[in-house]
Amino acid sequence: MTVLFSHFLLGLSLAAPIGPINTAQMERGIRNGFLHAWLIGLGAMLADGAFMLLVYFGVIHFLNEPFMKTFLWLFGCFVLTYTGVESLLQAGKEKDGRRGGTESPVRSFASGFLLSVSNPMSILFWLGIYGSVLADMIAKYEAPEVLLYSSAIMAGIMLWDVMMALLASAFRRFLTRALLAAISVLSGLFLIGFGIFFGVEAFKLLFG
């Protein structure tokens, strides 16, 4: 039970650092409510699950090749910058007094998945952190226990996503349109900033 709980805490702590997913969850939850923020997290979790499987089967080492890393940095730059610009445009609509929350749940889910799967930091993270944890688990436990403890990591990530969605949707009721627009602008700038960082990393790999 102690080992199971420790892996649950690992998943919770891994999801906590502020990054593109948490930023998008806060902005989407404040603008559109709990469901959309939770779906952002759920889409990201699907990508995390895919990365875990890739690590388990050893395929992710292919994604660590220089060509693939460059492609992923560039793709991540595009996705984050596009999402950030979209947030800025939505902020303009809020200032005009038009109602938010028109985004479809499927689009929120897809956005979360794309933000995570296009993030090379996620790949390096799962390769480095989960890869080492998995190697330790395989050395100590049988396959069913490895699956159980890996599921505990995902459960920790899921709990954090629900907490973020609840927090963002709770803030929603206290916001004026002007403050909501300001949060959308701030979120957009953060996402564009992450996108620029990814672009710089791609440039270093291409011309460094």
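Computed from a predicted structure; not experimentally measured. (Residues numbered from 1 in each chain as written. Predicted model: local features only at pLDDT ≥ 70, side-chain atom pairs only at ≥ 80, totals over all residues. Heavy atoms only, no water.)

According to the stated counting rule, one finds two salt bridges in the structure shown. Across the salt bridge formed by Glu27 and Arg28, the nearest N and O atoms sit 3.5 Å from each other. A relative accessible area of 3% places Arg28 in the buried class. Note that Lys204 is salt-bridged to Glu201, the shortest N-O span being 3.7 Å. Taken together, the residues Lys204 and Glu201, both in helix H9 (residues 177-207) and three residues apart, mark about one turn of the helix. (Salt bridge = Lys/Arg side-chain N within 4 Å of Asp/Glu carboxyl O. Buried < 20%, exposed > 50% of the residue type's maximum accessible area, 1.4 Å probe, protein only. Helix = DSSP H or I, 4+ residues; strand = E, 2+ residues; numbered from the N terminus.)

Attention shifts here to the environment of Ser169. On the secondary structure map, Ser169 appears in helix H8 (residues 143-172). Each C-alpha atom of the pair Ser169 and Ala37 lies 7.9 Å from the other, and the pair is 132 residues apart in sequence. Residues within four places of Ser169 in sequence aside, it is in contact with Gly29, Gly33 and Phe34. Only 2.9 Å separates the side chain of Ser169 from the backbone oxygen of Ala165, close enough to count as a polar contact. (Contact = heavy atoms within 4.5 Å. Polar contact = N/O pair within 3.5 Å; in protein donor to acceptor, adjacent residues only side chain to side chain.)

Bringing helix H2 (residues 20-32) into the picture now. Taking 1.5 Å per residue, 13 residues should reach 18 Å; H2 reaches 17 Å between its end C-alpha atoms and fits that length. Counted residue by residue, H2 has 12 buried out of 13 residues, so it is predominantly covered. Listed in full, the buried residues belonging to H2 are Pro20, Ile21, Asn22, Thr23, Ala24, Gln25, Glu27, Arg28, Gly29, Ile30, Arg31 and Asn32. (Expected span 1.5 Å × (residues − 1).)

It is worth spelling out a nonpolar patch on the surface at this point. Taken together, Leu53, Tyr56, Phe57 and Ile138 make up a surface patch of nonpolar side chains, about 450 Å² in accessible area. In terms of residue count, the dominant contributor to the nonpolar patch is helix H3 (residues 34-57) (three residues). Along the chain, the position of Leu53 falls in helix H3. Look at Leu53 and you get exposed, because its relative accessible area is 51%. (Patch = residues over 30% accessible without salt bridge, like charges linked within 9 Å, V, L, I, M, F, W, Y side chains within 5 Å. Areas by Shrake-Rupley, 256 points an atom, 1.4 Å probe, with all protein chains shown as cover.)

In this section: the confidence of the model for the protein. When pLDDT is averaged across the protein, the result is 79; 86% of the residues are at 70 or more. Of all secondary-structure elements in the protein, the lowest mean pLDDT belongs to helix H4 (residues 60-63), at 63, while helix H6 (residues 105-117) reaches the highest, 89. (pLDDT = per-residue confidence, 0-100.)

Moving on to the packing of H3 against H8. With their axes 9 Å apart at the nearest point, H3 and H8 run at an angle of 160 degrees to one another. Viewed along their axes, H3 and H8 adopt a mutual orientation that is roughly antiparallel. The crossing of H3 and H8 is right-handed. On the side of H3, the interface is formed by Phe34, Ala37, Trp38, Gly41, Leu42, Met45, Asp48, Gly49, Met52 and Tyr56, while H8 contributes Val146, Ser150, Met154, Ile157, Met158, Asp161, Val162, Ala165, Leu166 and Ser169. Among the residues forming the contact of H3 with H8, the class breakdown is 14 nonpolar, four polar and two charged. (Axes fitted to C-alpha atoms, helices over the stretch in contact; angles between N-to-C directions. Parallel < 35°, antiparallel > 145°, perpendicular 65-115°, else oblique. Left-handed = near helix turned anticlockwise from the far one by under 90°. Nonpolar A, V, L, I, M, F, W, Y, C, P; charged D, E, K, R; others polar.)

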